[in-house]
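Listed here are the chains, written in short residue letters.
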Amino acid sequence: MRKLIIFFVFSINSLSAQPYYTPLRAAVGVEAFGTAPQRQVCTEVMFGYKSRSFLALQAGLGLYNISDYTTYSISAALTYNFLLNRYRKKECQPHPGHNVLESYFEVGTSAFLFDKYVNVYFPPTDQQEQICPLALAGLRFHIVSTKWIYILKIRYTPSLVDSKVASVGGVAVGFGWR
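Structural notes, computed from the coordinates. (Residues numbered from 1 in each chain as written. Predicted model: local features only at pLDDT ≥ 70, side-chain atom pairs only at ≥ 80, totals over all residues. Heavy atoms only, no water.)

### Points about the side chain of Ser-103
Tracing the backbone shows Ser-103 in strand 5 (residues 101–114). Those residues in contact with Ser-103 that lie beyond four places of it in its chain are Phe-82, Leu-83, Leu-84, Asn-85, Arg-140 and Phe-141. (Helix = DSSP H or I, 4+ residues; strand = E, 2+ residues; numbered from the N terminus. Contact = heavy atoms within 4.5 Å.)

Encoded structure:
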């Protein structure tokens, strides 16, 4: 009887948060500008699922080119994603893939770290920040197929500090799985 009660308590949360969208486990992709100074390869993990929203944690490794100098960048982002086009659910269990295109409003914060210690481009007296925090807002689109979920993100990422390398916006593409 005790095991049945424990099972019931843990299943209450999943019953109350049946999603109106197709949930993802993780995703990988590439990004141009946005949360990275120029370009990066990134991975993303989704958690905190509610019926119309979820949280996503993203980490990326990128390259930054200035003339003949190339350096690396490391970025991270935490976003809250809210579903814009939910489908009507008439049964207890939603049908993943009911909508071929799912759209989300994405808001959060991010930061990137890059190697600025090259005297040719960033002298030691330069006030350029090595860690650059960013605000993040954008639209996220999921194209749902039977096996994969294809992702397109359009992001506005203003820098929260003065930065010569931060971009104001960017685009990312990737794919995720359930």
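### Regarding a nonpolar patch on the surface
Where nonpolar side chains cluster on the molecular surface, the patch consists of Val-30, Val-41, Tyr-80, Phe-82, Leu-84, Phe-105, Val-107, Leu-139, Leu-152, Ile-154, Val-171 and Val-173 and spans about 960 Å² of accessible area. Every element with two or more residues in the nonpolar patch is listed here: strand 4 (69–83), strand 5, strand 7 (149–156) and strand 8 (169–177). Note on placement: Leu-152 falls in strand 7. (Patch = residues over 30% accessible without salt bridge, like charges linked within 9 Å, V, L, I, M, F, W, Y side chains within 5 Å. Areas by Shrake-Rupley, 256 points an atom, 1.4 Å probe, with all protein chains shown as cover. Salt bridge = Lys/Arg side-chain N within 4 Å of Asp/Glu carboxyl O.)

### Some details on empty space enclosed by the protein
Following the criterion strictly, the structure yields one cavity of 30 Å³ or more and no others. Of the pockets and cavities examined, the largest cavity occupies roughly 70 Å³. Every residue along the wall of the largest cavity is listed here: Ala-27, Val-28, Gly-29, Val-30, Cys-42, Thr-43, Glu-44, Ile-151, Lys-153, Ala-172, Val-173 and Gly-174. Those elements that provide at least two residues to the lining of the largest cavity are strand 1 (26–33), strand 2 (39–47), strand 7 and strand 8. Of the residues that constitute the lining of the largest cavity, the class distribution is seven nonpolar, three polar and two charged. (1 Å grid on protein atoms, 1.4 Å probe; cavity = no way out; pocket = protein on both sides within 12 Å on 5 of 7 lines; lining within 4 Å. Points joined across faces, edges and corners; volume = space filled by probe spheres on them. Nonpolar A, V, L, I, M, F, W, Y, C, P; charged D, E, K, R; others polar.)

### A few points about unusual backbone geometry
Backbone geometry at Phe-33 places phi at a positive 60°, although glycine is not the residue there. Structurally, Phe-33 can be placed in strand 1.

Such coordinate-based values are descriptive only and should not be taken to indicate function.
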